[in-house]
Amino acid sequence: MGAADISEKMHLAGGRLTVDLTALADNWSSLDRRTGQAVTAAVVKGNGYGTGLEQATQALANAGCSTFFVALPDEGIRVRAIAPKTTIYVLNGLFEEAATDYADADLRPVLSSVPEVEEWSAFRRSGGTTKAALHIDTGMNRLGMDVTDAATLSEENAFDNLGLTLVMSHLACADLPDHAHNRQQLDRFHQARAMLPDLPASIANSAGVLIGADYHLDLVRPGIALFGGDAVQGEPNPMRPVVTLEARVLQVRAASHTETVGYGAAESLDRASLLAIAAVGYADGYPRHASSSDEASGGRAWINGFSAPIVGRVSMDLIALDVTDIPGIKRGDWVELFGLNVPVDEVAERADTIGYELLTRIGQRHHRTYVGE
Ligand SMILES: *Cc1c(COP(=O)(O)O)cnc(C)c1O
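No experiment lies behind these values; they were computed from the predicted model shown. All residue numbers here refer to positions counted from 1 along the written sequence of the relevant chain. Two thresholds apply to this predicted model, a pLDDT of at least 70 for residue-level local features and 80 or more for giving and counting side-chain atom pairs, whereas whole-chain, interface and lining totals are computed over all residues. Computation of side-chain values covers all heavy atoms of the structure but excludes hydrogens and water.

Undergrad: What exactly am I supposed to notice about the overall build of the protein chain here?
TA: Comment: elements are numbered from the N terminus, with helices defined as DSSP H or I runs of at least four residues and strands as E runs of at least two. The secondary structure content of the protein chain amounts to 11 helices and 19 strands. Taking 373 residues into account, the globule formula puts the C-alpha radius of gyration at 21 Å, and the protein chain, at 23 Å, falls close to it. Each principal axis of the C-alpha atoms in the protein chain carries an extent, and together these give about 75 × 45 × 35 Å. Per-residue accessibility, obtained with a 1.4 Å probe over protein chains only, is compared with the maximum for each type, and a residue is labelled buried under 20%, exposed over 50%, and partly exposed between these values. Expressed as a percentage of its 373 residues, the buried residues of the protein chain come to 54%. Residue burial considers only the protein chains on display, and all accessible areas are found by Shrake-Rupley using a 1.4 Å probe. Here the protein chain has roughly 16500 Å² of accessible surface; of this, 48% comes from carbon and sulfur atoms. Considering the protein chain, the positive charge centre built from 30 side chains and the negative charge centre built from 48 side chains are found 6 Å apart. This radius of gyration counts C-alpha atoms alone. The globule rule is 2.2 Å times how many residues there are, raised to the power 0.38. All tallies of charge rest on Lys and Arg as positive and Asp and Glu as negative; His and the ends of each chain are not included. For the purpose of locating charges, the reference atoms are NZ of Lys, CZ of Arg, CG of Asp and CD of Glu.

Below, the structure is given as structure tokens:
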């Protein structure tokens, strides 16, 4: 992300994003306290869940985090530049002909297929000393080695030369604590890891950390919870919000009860209304699916202690908010679209998606401020 994309001057920006690095560090520490003996790592893929990979890594490292997970080797190289002494795992594994690039930045690929194991083994036989992890699939069918393939490799002693420091698996349904899949995956993982009895083991993402100590094992890999997202459905979110998105009010206008608002005339007013027009839209990562219409209500903003519903469609650069009942709104005010008062997960739900998607798709033209630390 080039700094040039980001509005440098707040008075020229339509949206402003505030990332609370103290809340991020606190969230890591509170998960670390929950997990006792287990190592608490941090997943910072997707540009640190939208918060800024470098800033997030620095704050987490300062809080005491010494193991990071990224999706891509390029992300790993960026983390390495910030956190020279930490352990970095690349979840998407080993890319073809890239072993020396991983080694140069001391990135540990999370191997999850037979070809990856073969390629990494050849690299190690030719003198490579970089470590790696092994991912075993226990019912997600995304990445992760098939248990039978792992058993075959194990019998051939093919794991011995890989420099393995971690065996892991990934939960498919941990956001639903009562889902039968969770226990089944944990049981399968315990069976599979018997092939590699001396290796530290890890199965928990954020939700896995929160649903119970059985899932903590030797290392936990939270992502979304660090960034304030709600990892487990149906329970209060114990994490502090990290990201706040606000929009500038451009004007406040009056409209009569006979009028409609925005593209498609999708929403009709049923009373004489005051509308605040605010300068954030879907080009800024605010979801168009959070639009409001005569059929369904959409997102809301928070203004001076009041909730202001969106009226009509979210457009590229603008939204309209009903401020009829809210006193004193004026041009130049800032309204919260998500953050301390409107949870990001609530907006996500209104838009039929999840907080992860909202955070990782935050636009590039906001003015960004990092607070705390
Ligand atoms: C993204 C990811 C995580 C972190 O998941 P959260 O739900 O954000 O905590 C952990 N492990 C793997 C394999 C992942 O892909």
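Undergrad: Mind showing me how you'd approach the packing of helix α3 (residues 53-63) against helix α4 (residues 73-82) here?
TA: Helix-helix packing is described using two parameters, namely the angle between the two axes and the distance between the axes. In contact at an axis separation of 9 Å, α3 and α4 are set at 50 degrees when each is read in the N-to-C sense. In terms of orientation, α3 lies oblique with respect to α4. Like other packed secondary-structure pairs, α3 and α4 cross with a definite hand, here right-handed. Where α3 abuts α4, its residues Leu-53, Glu-54, Thr-57 and Gln-58 lie against Glu-75, Arg-78, Val-79 and Ile-82. Axis definition: a line fitted to C-alpha atoms, over the contacting stretch in the case of helices. Angles run 0 to 180 degrees between N-to-C directions. The scheme is simple: roughly parallel for angles under 35 degrees, roughly antiparallel for over 145, roughly perpendicular for 65 to 115, oblique for anything else. Note: crossing handedness is left-handed where the near helix turns anticlockwise from the far helix by less than a right angle, and right-handed where it turns clockwise. Pairs of residues are marked as contacts when any of their non-hydrogen atoms sit within 4.5 Å.

Undergrad: What is the right way to look at the sheet that holds strand β6 (residues 107-111) in this model?
TA: To summarise the sheet geometry, strands pair through backbone hydrogen bonds and adopt either a parallel or an antiparallel arrangement. Taken together, seven strands build an open sheet; the order of strands is β3-β4-β5-β6-β7-β8-β9 and the sheet is parallel. Strands with a single pairing partner mark the edges of an open sheet, and in this sheet they are β3 (42-43) and β9 (201-202). One requirement defines pairing of two strands: DSSP has to find at least two bridges between them. Here β3 pairs with strand β4 (residues 67-70) via two bridges, running parallel. Counterpart to Ala-42 in the pairing with β4 is Phe-68.

Undergrad: What am I meant to see in the site of the ligand here?
TA: We define proximity as follows: a residue is near a molecule or strand when any one of its heavy atoms falls within 4 Å of that partner. Taken together, 14 residues lie near the ligand, and Lys-45, Tyr-49, Ser-206, Ile-224 and Tyr-356 sit nearest. For this analysis, a polar contact is any N or O atom pair within 3.5 Å, provided that within protein one partner can donate a hydrogen and the other can accept it, and provided that sequence-adjacent residues contribute only side-chain to side-chain pairs. Within the backbone of Ile-224, a nitrogen or oxygen atom sits 2.8 Å from an oxygen atom of the ligand. Between the ligand and Tyr-356 there is a distance of 2.6 Å, counted from an oxygen atom to a side-chain nitrogen or oxygen. A cavity, in this analysis, means grid points on a 1 Å lattice covering only the protein atoms where a 1.4 Å probe fits yet has no way out; a pocket is instead an open set bounded by protein on both sides within 12 Å along at least five of seven lines, and a residue lines either one if it has an atom within 4 Å of a point. Any molecule with more than half of its atoms within 2 Å of a cavity's or pocket's grid points is counted as sitting in it. Judged by its atoms lying within 2 Å of the grid points, the ligand is housed in the largest pocket.

Undergrad: Even after reading the chapter, I still don't get the side chain of Arg-108, so can you show me in this structure?
TA: With respect to the helices, strands and loops of the structure, Arg-108 is situated in strand β6. Criterion for a salt bridge: a side-chain nitrogen of Lys or Arg within 4 Å of a carboxyl oxygen of Asp or Glu. Despite its burial, Arg-108 pairs with no opposite charge; the closest candidate is Asp-106, at 4.8 Å N-O. A polar contact of 3.1 Å, which involves the side chain of Arg-108, links it to the side chain of Thr-165. When residues no more than four places from it in sequence are discounted, the contact partners of Arg-108 are Thr-87, Ile-88, Tyr-89, Val-90, Lys-131, Ala-132 and Thr-165.

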